[in-house]
Each structure stands twice: as structure tokens, then as C-alpha cells.
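# Results of the structural survey
These are the residues of each chain, in order.
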Amino acid sequence: MENLLTYIIFAPVVASFILLLMNKEKINLIKIFGIASSVITFILSLVVYFAFDPANPNMQFLHKVPWISSLNISYNVGIDGLSVLLVMLTTFLTPIALLSSWKSIEKRVKEYTIMILLLETGMLGVFCSLDLALFYIFWEAMLIPMYFIIGIWGGGNRIYAAIKFFIYTMFGSLLMLIAIVWLGYYASTSPSGKFTTDLLELYQISPTIPLAIQSWMFLAFTLSFAIKVPLFPFHTWLPDAHVEAPTAGSVILAGVLLKMGTYGLLRFSIPLFPNATLEFLPYIAGLAVIGIIYGALVSMVQTDIKKLVAYSSVSHLGFVVLGIFALTEEGVQGAIIQMVNHGLSTGALFLIVGMIYERRHTRLISEFGGIAKVMPLFSTIFMIVSLSSVGLPGLNGFVGEFLILIGSFNSNLLNPAFAILAASGVIFAAIYLLWMYQRVIFGNVTNPLNQNLPDLSKREIAVLAPVLIFIVWIGVYPNTFLKQSASTAKQIVKTFHQKPDQSLTERLQQKVPAANPSK
């Protein structure tokens with residue numbers, strides 16, 4: 001069990017090396033091998049999931065090997081209730097993304113499959129790393145395959161979108177690298193007297209950093225994560241990347257990559273810099289609320305279905321950031337489960353958009369209408385997924401948004417107005433998603449090109465069915481997944497409020513009456 005996480009992280013890399021030796025002309029064999037290897041990684045992650053102890057808030061499956069001893073940098077991996085769900089989401093969506101590409105990717109299939117698998121390793125490494133140097137390497141390594149996926153297999157404006165994605169993320173990453181080195185240097189001036197990037201050691205050292213220095217470090221980390229989320233106003237790379245990326249790229253980008261930003265806020269920004277978190281908390285929560293409303297309003301006016309879904313991510317991830325910075329158990333728990341929910345619902349929406357695009361080679365809403373009459377099964381699944389994204393009770397989206405709104409309203413650190421304004425995002429989501437659905441699916445078939453569209457194939461049903469199962473499962477019985485992260489969410493909130501730094505306690509007492517007099 002000690003090495004199991006390492007096997008999961010690097011299994012896709014091993015599969016990629018095997019793919020390099022395969023004849024590129026044997027396209028079906030390459031596709032089958034890519035899917036099979038990603039399924040094996042998923043099965044390995046299931047072993048971790050079922051062996052994971054949800055009652056234990058500490059890191060589990062720890063595997064630490066010295067790497068650069070002179071700088072106390074090590075290969076150090078482990079998971080807790082936060083990362084176990086994101087690891088499962090990653091290994092679950094990767095084979096689905098590959099299967100969805102069976103017909104849509106026809107050129108350089110071997111290279112494409114290798115890039116998807118390398119991307120999976122980068123994402124898994126980010127969620128499991130417990131050393132900041134190792135985390136940074138995985139964080140940067142993930143950029144390379146995603147850059148090529150968008151730039152080679154994307155749409156007509158793919159080069160612009162790929163470069164924009166790369167530059168935005170790289171800029172934030174460089175700031176984070178400076179903060180990591182600064183943090184390690186500060187550790188060398190502490191009583192321990194040694195440079196280190198060990199996250200668990202830094203958890204004990206960093207809260208004692210003076211507020212002025214802590215604030216700069218917090219901003220460097222948080223800006224990098226805010227770009228990845230993306231948090232308003234750092235979102236402008238996202239619509240281009242989504243629209244130009246192939247379907248599988250959009251699924252992984254929305255389903256997993258964006259969660260690396262929200263994960264970073266919970267894993268690094270808040271526990272490492274609690275004083276600075278308290279200082280900037282209302283501003284970040286304010287940007288989250290602006291993003292919720294802005295993303296929804298911009299989604300309403302989109303004429304391209306894929307761009308509508310892309311902007312909806314800005315709105316939905318705003319809910320996650322708000323829940324995180326509410327710093328209540330309900331808010332953090334809701335944020336964690338909403339990361340999973342968004343990955344499922346928005347990932348499924350991109351799959352559905354990809355399926356209709358394969359048939360018509362257009363994503364313009366005006367090109368459709370009356371699809372329910374020719375594609376009834378497609379229309380039914382599209383409705384279920386749209387309602388889950390809206391947040392209909394009984395489907396997964398409701399669980400996360402409800403917990404986030406409750407946690408934000410009850411937070412001693414936020415004014416109730418934040419939750420009230422954020423709730424409008426649920427209403428706006430219903431407007432833009434159901435209005436889009438009505439124009440695409442209902443009415444008469446006015447375009448003759450839509451009259452003979454084939455309904456979902458067996459392969460497409462196989463792609464969507466697993467996602468639908470979890471959309472309903474989480475909506476009907478969320479405790480299956482909530483219990484996995486409950487103790488970790490509680491620990492995050494408890495640690496923030498009980499840091500040994502006395503100045504934090506004093507600042508909390510000063511902030512609470514001003515932030516929310518009604519409490």
C-alpha cells in the first residue's frame with residue numbers, strides 16, 4: 001500500500017512509453033490500449049478509495065523518498081479527504097475522455113493518446129504532492145500536454161487559444177515559484193534552521209511569518225490558483241481554450257484542471273498563510289460573487305453552445321471559491337463536493353456539445369431546433385445534465401450549492417449579503433441553460449440538415465452513462481461522498497481558527513463584529 005499512490009501517478013507514463021513503441025498505423029489498437037491503460041489506473045485508484053479511512057483527517061498512503069537532500073526536497077506523496085475525491089474524479093474522467101475521442105480524433109492518434117495520459121499523470125501528481133517543489137514540477141508539467149492538445153487538435157483559432165492558456169498559467173506559476181523559494185528560505189531562518197519544501201513541516205512554520213511578508217506570499221500563491229480556477233477577472237483565457245480545444249480536452253480542462261486552482265486554495269493558500277487569508281478574505285469572496293453573476297450574465301448572451309458552457313464554469317467555480325473562503329464546515333464541504341459535481345455536470349455538457357458537433361459541425365444555437373423529434377435519447381440525457389448544472393434538487397449540483405450557500409450565510413467572516421447575492425446565480429443558471437435547451441431541443445425542425453440526425457450510438461451511451469449514474473447518485477444520496485471529505489473539511493476549518501499564532505485569534509475577534517453584526 002505504501003507505493004500505491006506512486007503506481008497510480010506514474011501508470012499513465014508507463015503506458016505512454018509503451019505507446020511510443022507501437023506502430024502509429026494501428027490506430028484501433030492504440031485507442032484500445034489508451035482506454036484500457038486509463039481504466040487500469042482507475043481500478044488502482046478504486047483500491048485507494050475503498051482502503052481510505054474517512055474518519056482520519058491526516059494524510060494517508062504516505063510515500064516519502066529523499067530527492068535533493070541538501071535542500072530537504074523529497075518525493076513526498078499522500079492523500080486526505082480533499083485529494084482522494086479529486087484523484088477519483090481524474091481517473092474516472094480520463095478513460096471517458098479517451099472513449100469520446102474515438103471518432104473525432106483522426107490525425108496523430110498515437111501522439112494524442114500519449115498527451116492525454118501524460119496530462120493525467122500531471123494532474124494526479126498535483127493532487128498527491130506533499131512537497132512544494134514536487135507540486136510545482138507536476139503543476140508545470142501538466143501545462144505541456146494541454147498546450148499541445150489545444151494547439152494541435154483544436155479548432156481554427158487553436159494556436160491563439162493555446163498560447164494564451166500557456167502564458168496566463170505560466171505567469172501565475174512563476175509568482176508561485178518565487179513564493180515557494182521565499183517560503184523555503186524563511187524556514188531556514190526558523191529554529192529548525194534548514195531550507196525545506198516539505199508541506200507538512202511548512203504548515204507549522206509559515207503561520208508565524210509576519211503579516212507583511214505572509215501577505216506577499218499569499219498573493220503569489222493565490223494569484224496562480226485564481227488564474228487556474230479561473231476567478232474573475234483572471235478568466236479571459238478560459239472561453240478561448242474551451243471553444244478551441246477538442247471535446248476530450250474541454251472535458252478534462254473543465255472536469256479536472258480548473259479544480260487544481262480551488263484545490264490549491266484549500267491545500268496551500270489558507271493553511272500556510274492564515275493571517276493573510278483573513279486580511280484578503282472579503283475581497284476574494286467579493287470577486288467570487290462577481291464571477292458568479294458575471295459568468296451567468298455573459299452565458300445568457302452567447303450564441304455558441306460551447307462558449308455558453310465555458311462561461312458557465314466561471315459562474316459555477318465562483319460558488320466553489322465562495323464556499324472555501326466562508327471557512328465554515330458546510331462551506332468547505334460544499335466546495336469540495338461541488339468540485340466533483342462541476343467536473344461531472346460540465347464535463348457531461350461538453351461531451352454532449354461534442355456529440356452534436358460531430359453530427360452538424362456547428363455549435364451555433366440558431367442552427368438547431370426541434371432536435372427532440374429526431375434525437376429523443378440525446379435530448380433526454382441533455383435535459384438531465386442541464387438540470388444537474390442548474391442545481392435541481394435530486395441531482396448532484398443542488399447538494400454542493402446548497403451547502404455553500406448555507407455555509408456562506410452562517411460564516412462569521414462574511415456578511416450575509418455575499419450568500420444572498422450568490423444565490424442569484426442559481427436563478428441566472430436556470431435562465432441561460434433552460435433557454436439554450438429550449439432553443440436547441442424544442443420547437444419544429446426548421447433546418448433540413450437536422451431532419452435525419454442519428455440518435456446516440458452505443459459508444460456514446462457508454463460514454464455518458466457512467467457520468468449520469470454519479471449525477472443521480474450524488475443528488476439522491478450524497479453522504480457516500482460527503483463522508484470521505486467530512487473530517488478533512490472539519491480539520492481545515494478547525495486549524496484555521498485555532499492556529500497557535502495569537503495575532504490570528506485577536507484579529508478574528510476584531511473582524512467578526514464588523515463583518516457580520518447579526519451573529
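Our structure's up above, just so we're on the same page.
Within any chain, residue numbers begin from 1 and follow the written order of that chain's sequence. Only residues with pLDDT of at least 70 are given local features in this predicted model, and only at 80 or more are side-chain atom pairs given and counted; all residues enter the totals for whole chains, interfaces and linings. Hydrogens and waters are ignored; side-chain quantities use all the structure's heavy atoms.

Where a protein is soluble and globular, its nonpolar side chains tend to be buried together. Here the nonpolar core consists of buried residues drawn from Ala, Val, Leu, Ile, Met, Phe, Trp, Tyr and Cys, with membership extended through side-chain atoms lying within 4.5 Å. When accessible area is computed with a 1.4 Å probe and restricted to protein chains, residues below 20% of their type maximum are described as buried, those above 50% as exposed, and intermediate ones as partly exposed. Counting residues in each nonpolar core, the largest one holds 177 residues, and the members touching the most others are Leu257 and Phe378. A contact between two residues is defined here by any heavy atoms of the two lying within 4.5 Å. Apart from the residues within four sequence positions on either side, Leu257 is in contact with Leu119, Met123, Met142, Met146, Phe165, Lys228 and Ile252.

A few words on the packing of helix H3 (residues 81–100) against helix H19 (residues 458–476). In the contact formed by H3 and H19, the axes pass within 9 Å of each other and the chain directions differ by 155 degrees. Relative to H19, H3 is oriented roughly antiparallel. Crossing handedness for the pair H3 and H19: left-handed. Packed against H3, whose contacting residues are Phe92, Ile96, Leu99 and Ser100, the element H19 presents Arg459, Ala462, Val463, Pro466, Val467 and Phe470 at the interface. Taken together, the residues of the contact of H3 with H19 sort by class into eight nonpolar, one polar and one charged. To define axes, lines are fitted to C-alpha atoms, for helices over the stretch in contact only, and angles between the resulting N-to-C directions are given on a 0 to 180 degree scale. Here a strand is any run of E in DSSP of at least two residues, a helix any run of H or I of at least four, and the numbering for each starts at the N terminus. To sort the angles, those under 35 degrees are grouped as roughly parallel, those over 145 as roughly antiparallel, those from 65 to 115 as roughly perpendicular, and the leftovers as oblique. Should the near helix be turned anticlockwise from the far one by less than a right angle, the crossing is left-handed, and should it be turned clockwise, the crossing is right-handed. Here the term charged refers only to Asp, Glu, Lys and Arg, the term nonpolar to Ala, Val, Leu, Ile, Met, Phe, Trp, Tyr, Cys and Pro, and the term polar to all other amino acids, Gly among them.

It is worth spelling out the packing of aromatic side chains at this point. Here the aromatic set is Phe, Tyr and Trp, taking the six-membered ring for Trp, and pairing holds for ring centres within 6.5 Å; pairs whose planes are under 30 degrees apart are stacked, those over 60 apart are edge-to-face, and all others are tilted. Evaluation of the coordinates by the stated rule reveals 28 aromatic pairs. Look at Tyr147 and Phe148: their rings are 5.4 Å apart centre to centre, the planes differ by 75 degrees, and that puts the pair in the edge-to-face class. Given the relative accessible area of 27%, Tyr147 is considered partly exposed. Centroid distance Phe398 to Phe402: 5.4 Å. Interplanar angle 20 degrees. Geometry classified as stacked. With Phe398 and Phe402 both in helix H17 (residues 396–409) and four residues apart, the pair spans about one turn of that helix. For Phe402, a relative accessible area of 44% gives the class partly exposed. The rings of Phe127, Phe135, Trp139, Phe221, Phe225, Tyr263, Phe268 and Phe273 are connected pair by pair, giving a single aromatic cluster. For a Lys NZ or an Arg CZ to count as sitting over a ring, it must be within 6 Å of the ring centre and within 35 degrees of the ring normal. The cationic tip of Lys31 hangs over the ring face of Trp102; the distance from NZ or CZ to the ring centre is 5.2 Å. One Lys or Arg, Arg439, reaches over the ring of Trp435 and ends 3.8 Å from the middle of that ring.

Right, let's get into the pairing of strand E1 (residues 60–68). Remark: a regular strand shows side chains that alternate across the two faces of the sheet. Sheet topology note: the E1/strand E2 (residues 73–79) ladder contains six bridges and is antiparallel. By the bridge assignment, Gln60 is partnered in E2 with Ile79. Linking E1 back to E2 in an antiparallel pair, the connection comprises four residues, with Asn72 at a positive phi of about 55 degrees. By definition, two strands form a pair when at least two bridges between them are found by DSSP.

Turning next to the packing of H3 against helix H11 (residues 247–272). Contact geometry of H3 with H11 gives a least axis separation of 9 Å together with a crossing angle of 170 degrees. Between H3 and H11, the angle is such that the two are roughly antiparallel. Here Leu82, Ser83, Leu86, Leu89, Thr90, Leu93, Ala97 and Ser100 of H3 come into contact with H11, specifically with Thr247, Ala248, Ile252, Gly255, Val256, Lys259, Tyr263, Leu266 and Arg267. Among the residues forming the contact of H3 with H11, the class breakdown is ten nonpolar, five polar and two charged.

Attention shifts here to the pattern of salt bridges. For this analysis, a salt bridge means a side-chain nitrogen from Lys or Arg found within 4 Å of a carboxyl oxygen belonging to Asp or Glu. Overall, the coordinates contain eight salt bridges when judged by the stated rule. Glu367 is paired through a salt bridge with Arg360; the nearest N and O atoms lie 3.1 Å apart. The class of Glu367 is partly exposed, set by a relative accessible area of 26%. Take Arg360: its relative accessible area is 11%, and that puts it in the buried class.

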